[in-house]
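Here is how the chains run, residue by residue.
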Amino acid sequence: MEVVYITIGVSIIVAIFFFIVFIKTVKSGQYDDTYTPSVRMLFDDELVVVDKVDKSKEENQQV
Amino acid sequence: MSLNNCYHCGTDCGKNPIIFNEKYFCCNGCKTVYEILNTNELNCYYDLESAPGTIPKDIKGKYNYLENEEIIEKLLEFSDGETSVLELFIPSIHCSSCIWVLENLSKLNSGVTTSMVNFPKKILRITFKNERTNLKELVELITSIGYEPYISLEDADNKDNKVDKTLIYQVSIAAFAFGNIMLLSFPEYFEVDEFWLEKYKHLFRWLMFTMAVPVVFYSAKDYFISAYKGLKHWILNIDVPIALGISVLFFRSSYEILFDLGSGFFDSLSGLVFFLLLGKYFQQKTYSFLSFERDYKSYFPIAVTLIKNDIETNVPVKNIKKGDRLLIRNEELIPVDGILINGNAAIDYSFVTGESVPVSKQSGDKLFAGGKQTSGAIEMEVISSISQSYLTQLWSNDVFNKKTAVTIKNITDSISKYFTIAILSIALVAGIFWYNYNASMAFNVVTAVLIIACPCALALSAPFAFGNMLRIFGYKKFYLKNTETIESISKIDTIIFDKTGTITTNDKTQLLYEGENLSGKELKSLKNILRASNHPLSRSLYEYLQVSPSSTEPSSFNEILGKGIEATINNIDFKIGSASFLQVEVKKLEETAIYIKINNHFKGVFLFKNSYRKGTKEVFNKLSKKYNLVILSGDNEGERENLDKLLPKNTKLYFNQKPEDKLNFIKNIQKSGKQVMMIGDGLNDAGALAQSNVGIAISEDVNVFTPACDAILDAQLFDKLPVFVSLSIKTIKIIKASFVLSLGYNLIGMYFALNGLLTPVVAAILMPLSSITIVVFVTILTNFVSRRI
């Protein structure tokens, strides 16, 4: 059962690793704005495909 | 979208829309934005949301001051000579199209490397190359597409206010420790004398101890500090029993594991700290796009145009000296008191007084700081420095220099005094009893009493009830500065209102015609004449007349600045303007009016009436049952009669109140023990708002700036004011009810403690159970009472 020392040790190291990562993300400001990225991801490609948007609209109408 | 609405901004285009690219626009501004976006392949802007735009403002020359090195340096977040980073606050950001177009700024200006929007804060962050573009160019570009940034002295001064994240770290450490310690302590709760457990329990216990150390010394440190501060001033605040509980928990647990007496209460300890901090975090809701701390500096421009020897230079506002000559352009604010030298001045003092009808001034007249010029450029001579102007003097009053001391005794602290004394005496009595009865148990019982009495649930009920109410109010567009405001609202007994802009609306100025009826033809001709005039009163009247202008152009047209218009149309002579210009008798002295003469015959007068907000009467009737109501108006007595009719009998009315008078009035009635709520809107109420126990600023548009206050109420919701007040009182009742509940838990715990039965398992069950039920209890109740606002 000495393996308990290893398993607990490993689990705590893993937990602390994730804890440190979490603190880092807070520090870097990842959670400062949780709204804008959710909107931003929706229009990544809009700029290039102006025509496509129109076409897809037409297609929708045909269907 | 209906045919007649502007493709860009969605407003009604009226009779004569501008048609471009088969699309309708309400004005040239909107059309220009469309053109800019269209030629740069950014017309996706209109696909994301329909009519997302705002009408761009005329900005010619307005941003010239952004060429001043000193100002540039202040505004830029970062600059290394090659690349610069700029953060702009843009109140008009409101939809996903806004985000999209602003983040594609690089298509419009090649100097921009990246631009990023923070939507909740309405901030645009631009990184740009200095050699390709500059600050002024960028600001003008953004303004030209309808996103005018808000640049103020104050924001430039304290731009490096970093958000304090300590609480987040404290909570996360407590949460981490709580979870892990709970897992490690579980085995001992269920298996007591098991072989393997006996072997490893020391490892488990010391691991728990290691994790509890940062919880006590980092996460919970604020409780110790606050308890110490309280004790120093002989105040037993709620943090005293908390700090006592935490330290007893920690020392007794450490003692137990050191001498191998038991597993200690580390799980309860970390859970307690975690829940307490969670409550604190929940209470800290802030509206990042609002500011409750603005003073006059936020209203005033950063720089003005100074004319010296016919050369225009831009100087920062604070460098203006007496005797300087300033150029104030259209839509610019007057930063200091001065005398009008030349130009057609129509000053809109709505920032200051709430009065939206612009006042005409002639050269030689005194202009007061805070007014906004609304028709063309004017020149003025400065007669006092910025801090000594009529309006800004107010800020030299002590109210504004007072740092918010912890003078407010909140509801939790008022009960904690008795609570602390009670548990200390129980602990003492129990200790004496057990010492005589079974001395070995005395230490156990005394510590158990202190542990179980730790008022976790008690300390949680107020933060969660207030925090939840704050959010509910926020959804309903009543924004509070902090949770203490709810408590202050519940205590008030006197409500003071400002008149203009607070109980009157300031955008829908209503006109009333008195005199002989005008024929349809006369009205049409009148409208035609008014079209050519740029005077703000003419504009209002033009919009008010619901006829289409006649097709024939006036054969003669002469506008005399500051007086009126003379015009001939279809051989009929019109004279429109002030009473003195028309040489007629003044009808009502107090009111702004336009007099009309046709063919030298006096026809009548258009009076500008302030309309009262929807529900004013009901609001006053409801509130008058419980509160003393007072109206403090900066205006003259012109409206007294109307107000007497409209408002309940016991409302006191005071007129001709200067900003300082309002402040002193509140100070005086506070001395007689009154708790005052002030409701105002303009800068002239700023002193009163700061002095009162609760200052509420009313705002037509919450993104436009309100003076420093405790709460901002959307003007549309003025009629809901009594509901918000009564909800605040209900919140206090809910908190009191939850106090009873949590004291019940404490009594149960006390039973275990006094009988020497408090084991770690009991504590581990009782503590989270009481906390969670209290949180659920207050959340459900606050939601329930506010289900219908």
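Residues numbered from 1 in each chain as written. Chains lettered and ligands numbered in written order. Predicted model: local features only at pLDDT ≥ 70, side-chain atom pairs only at ≥ 80, totals over all residues. Heavy atoms only, no water.

**A word on the overall build of chain A**
Link 1 in the chain: Each helix and strand counted, chain A has three helices and zero strands in total.
Link 2 in the chain: Starting at the N terminus and ending at the C terminus, chain A contains elements arranged as α-α-α.
Link 3 in the chain: Residue burial in chain A is summarised as follows: out of 63 residues, 25% are buried.
Link 4 in the chain: If you sum the accessible surface of chain A, you get close to 5,000 Å²; carbon and sulfur atoms cover 63% of it. (Helix = DSSP H or I, 4+ residues; strand = E, 2+ residues; numbered from the N terminus. Buried < 20%, exposed > 50% of the residue type's maximum accessible area, 1.4 Å probe, protein only. Areas by Shrake-Rupley, 256 points an atom, 1.4 Å probe, with all protein chains shown as cover.)

**Quick notes on the overall build of chain B**
Link 1 in the chain: For chain B, the helix and strand inventory stands at 25 helices and 28 strands.
Link 2 in the chain: Sorting the 789 residues of chain B into buried and exposed places 54% on the buried side.
Link 3 in the chain: In chain B, once contacts between residues fewer than 6 apart in sequence are set aside, the share between residues at least 24 apart is 67%.
Link 4 in the chain: If you sum the accessible surface of chain B, you get close to 35,500 Å²; carbon and sulfur atoms cover 55% of it. (Contact = heavy atoms within 4.5 Å.)

**Considerations on the confidence of the model for chain A**
All names here are of chain A.
Link 1 in the chain: In this model, chain A carries an average pLDDT of 73, and 68% of its residues clear a pLDDT of 70 or more.
Link 2 in the chain: Mean pLDDT per element in chain A: helix α3 (residues 50-62) is the minimum at 42, and helix α1 (residues 3-28) is the maximum at 90.
Link 3 in the chain: In this model, residues 48-63 is a region of pLDDT below 50 whose contacts with residues beyond four sequence positions or in other chains number four contacts. (pLDDT = per-residue confidence, 0-100.)

**With respect to the packing of aromatic side chains**
Each pair of aromatic rings is reported with the distance of its centres and the angle of its planes.
Residue and element names in this part refer to chain B.
Link 1 in the chain: Scanning the entire structure with this criterion turns up 30 aromatic pairs over all chains.
Link 2 in the chain: Geometrically, the ring pair formed by Phe178 and Phe274 is stacked, given 5.7 Å between the ring centres and 25° between the ring planes. With Phe178 in helix α7 (residues 166-190) and Phe274 in helix α11 (residues 266-283), this pair connects stretches of sequence that are 96 residues apart. The same class applies to Phe178 as to Phe274, namely buried.
Link 3 in the chain: Here the aromatic residues Trp206, Phe209, Phe217, Phe250, Phe251 and Phe266 are joined through ring pairs into a cluster of three or more.
Link 4 in the chain: The ring centre of Tyr223 lies 4.8 Å from the NZ or CZ of Lys280, which sits over that ring.
Link 5 in the chain: Sitting above the plane of the Phe282 ring, Arg471 keeps its charged end 4.0 Å from the centroid. (Phe/Tyr/Trp six-rings, centres within 6.5 Å; stacked < 30°, edge-to-face > 60°. Lys NZ or Arg CZ within 6 Å of the ring centre and 35° of its normal.)

**What about a nonpolar patch on the surface?**
Link 1 in the chain: A surface patch of nonpolar side chains, amounting to about 750 Å² of accessible area, comprises A:Val3, A:Tyr5, A:Ile6, A:Val10, A:Val14, A:Phe17, A:Phe18 and A:Val21.
Link 2 in the chain: For A:Phe18, the location among the structural elements is in helix α1. (Patch = residues over 30% accessible without salt bridge, like charges linked within 9 Å, V, L, I, M, F, W, Y side chains within 5 Å. Salt bridge = Lys/Arg side-chain N within 4 Å of Asp/Glu carboxyl O.)

**Overview of unusual backbone geometry**
Residue and element names in this part refer to chain B.
Link 1 in the chain: For Asn600, which is not glycine, the phi torsion reads 65° and is therefore positive.
Link 2 in the chain: Phi angles above zero are rare outside glycine, and Asn656 is one such case at about 50°.
Link 3 in the chain: Along the chain, Asn656 turns up in the loop between β25 (652-654) and α22 (659-671).

**A few points about the domain arrangement of chain B**
Link 1 in the chain: Here chain B is partitioned into domain 1 (64-151), domain 2 (301-334 + 337-383) and domain 3 (510-609).
Link 2 in the chain: On a C-alpha basis, the centres of domain 2 of chain B and domain 3 of chain B stand 28 Å from each other. (Domains from an automatic or database assignment.)

**Looking at the pairing of strand β22 (residues 593-598) of chain B**
All names here are of chain B.
Link 1 in the chain: Across the six residues that make up β22, a large majority, six, are buried.
Link 2 in the chain: Alternating residues of β22 divide into Ala593, Tyr595 and Lys597 and Ile594, Ile596 and Ile598, and every residue in both groups is buried.
Link 3 in the chain: In this structure, strand β21 (residues 572-577) lies alongside β22, joined through four bridges in antiparallel fashion. Opposite Gly577, over in β22, you have Tyr595 as the bridge partner.
Link 4 in the chain: The pairing of β22 with strand β23 (residues 601-609) spans six bridges and is classified as antiparallel. (Pairing = 2+ DSSP bridges.)

**Focus: the interface of chain A and chain B**
You'll often see interface size given as the accessible area lost when the parts meet.
Link 1 in the chain: Listed by partner, the interface residues are 26 residues for chain A and 30 residues for chain B.
Link 2 in the chain: With both sides pooled, the region where chain A packs onto chain B buries about 2,500 Å², and carbon together with sulfur makes up 73% of that total.
Link 3 in the chain: Here chain A is connected to chain B by two salt bridges.
Link 4 in the chain: For the salt bridge of B:Glu103 with A:Arg40, the shortest nitrogen-to-oxygen distance reads 2.7 Å.
Link 5 in the chain: Seen at the junction of chain A and chain B, the total is four residue pairs in polar contact (both at pLDDT 80 or more).
Link 6 in the chain: Put simply, the parts of the chain that give the side of chain A that touches chain B at least two residues each are α1, α2 (36-40) and α3 of chain A.
Link 7 in the chain: With 11 residues, the single largest contributor to the side of chain A that touches chain B is α1(A).
Link 8 in the chain: Across the side of chain A that touches chain B, the residue classes tally to 17 nonpolar, two polar and seven charged. (Buried area = accessible area lost by both parts, 1.4 Å probe. Polar contact = N/O pair within 3.5 Å; in protein donor to acceptor, adjacent residues only side chain to side chain. Nonpolar A, V, L, I, M, F, W, Y, C, P; charged D, E, K, R; others polar.)

**Thoughts on the pattern of salt bridges**
Residues and elements named next belong to chain B.
Link 1 in the chain: Per the counting criterion, the structure on display carries 14 salt bridges over all chains.
Link 2 in the chain: Its salt-bridge partner being Arg125, residue Glu87 comes within 2.5 Å of it at the nearest N-O pair. Of the two residues, Glu87 sits in strand β4 (residues 83-89) while Arg125 sits in strand β6 (residues 123-129), which places them 38 residues apart along the sequence.
Link 3 in the chain: On the basis of relative accessibility, which here comes to 34%, the residue Arg125 falls in the partly exposed class.
Link 4 in the chain: Note that Asp719 and Lys614 form a salt bridge whose closest N and O atoms lie 4.0 Å from each other. Here Asp719, found in the loop between β28 (711-714) and α24 (721-754), pairs with Lys614, found in the loop between β23 and α20 (616-624); they are 105 residues apart in sequence, far enough to count as distant.
Link 5 in the chain: Asp719 sits in the partly exposed class, given a relative accessible area of 25%.
Link 6 in the chain: Owing to a relative accessible area of 62%, Lys614 belongs among the exposed residues under this scheme.

**Focus on the sheet that holds strand β24 (residues 628-632) of chain B**
Residues and elements named next belong to chain B.
Link 1 in the chain: Pairing is mixed across the open sheet formed by seven strands, whose spatial order is β16-β28-β27-β26-β17-β24-β25. Of all strands in the sheet, those with a lone pairing partner are β16 (478-480) and β25, marking the two edges. Along the sheet, successive strands turn relative to each other by an average axial angle of 20°, direction set aside.
Link 2 in the chain: Sheet topology places β16 next to β28; three bridges connect them, and they run antiparallel. Its bridge partner being in β28, Phe478 is matched across the sheet by Leu713. (Axes fitted to C-alpha atoms, helices over the stretch in contact; angles between N-to-C directions.)

**Quick notes on the side chain of B:Ser384**
Link 1 in the chain: With respect to the element layout, B:Ser384 can be found in the loop between β15 (378-382) and α13 (411-437).
Link 2 in the chain: Among all residues touching B:Ser384, those that are not within four sequence positions of it are B:Lys322, B:Val336, B:Asp337 and B:Ser389.

**What to know about the nonpolar core**
Proteins that are soluble and globular tend to have nonpolar side chains buried together.
Link 1 in the chain: Among the nonpolar cores identified, the biggest contains 137 residues, and B:Phe478, B:Ile495, B:Ile496, B:Phe497 and B:Ile696 are the most heavily contacted of them.
Link 2 in the chain: Among the nonpolar cores identified, the runner-up in size contains 48 residues, and B:Tyr65, B:Ile126, B:Leu135 and B:Val139 belong to it. (Core = buried A, V, L, I, M, F, W, Y, C linked by side-chain atoms within 4.5 Å.)

**As for helix α15 (residues 456-475) of chain B**
Residues and elements named next belong to chain B.
Link 1 in the chain: The terminal C-alpha atoms of α15, which comprises 20 residues, lie 29 Å apart, in line with the 28 Å expected from a rise of 1.5 Å per residue.
Link 2 in the chain: With 18 of 20 residues buried, α15 is to be regarded as a mostly interior element.
Link 3 in the chain: Phi for Lys477, located one or two positions after α15, is positive at around 70°. (Expected span 1.5 Å × (residues − 1).)

**Points about the packing of α7(B) against α11(B)**
Think of two packed helices as two axes; the pair is described by the angle between the axes and how far apart they sit.
All names here are of chain B.
Link 1 in the chain: At their nearest, the axes of α7 and α11 sit 8 Å apart, and the two run at 150° to each other. Classified by the angle between their axes, α7 and α11 sit roughly antiparallel to one another. α7 and α11 meet at a crossing whose hand is left-handed. On α11, the residues touching Leu167, Ile168, Gln170, Val171, Ala174, Ala175, Ala177, Phe178, Ile181, Met182, Ser185 and Tyr189 of α7 are Phe266, Asp267, Ser270, Gly271, Val273, Phe274, Phe275, Leu277, Leu278, Lys280 and Tyr281. (Parallel < 35°, antiparallel > 145°, perpendicular 65-115°, else oblique. Left-handed = near helix turned anticlockwise from the far one by under 90°.)

**Some words on the environment of B:Lys165**
Link 1 in the chain: Tracing the sequence through the fold places B:Lys165 in the loop between α6 (153-157) and α7.
Link 2 in the chain: Through-space distance from the C-alpha of B:Lys165 to that of B:Val605 is 61 Å; in sequence the pair is 440 residues apart.
Link 3 in the chain: Residues within four places of B:Lys165 in sequence aside, it is in contact with A:Val26, A:Lys27, A:Gly29 and A:Asp32.
Link 4 in the chain: Of the polar contacts made by the side chain of B:Lys165, one reaches the backbone oxygen of A:Val26; its length is 3.0 Å.

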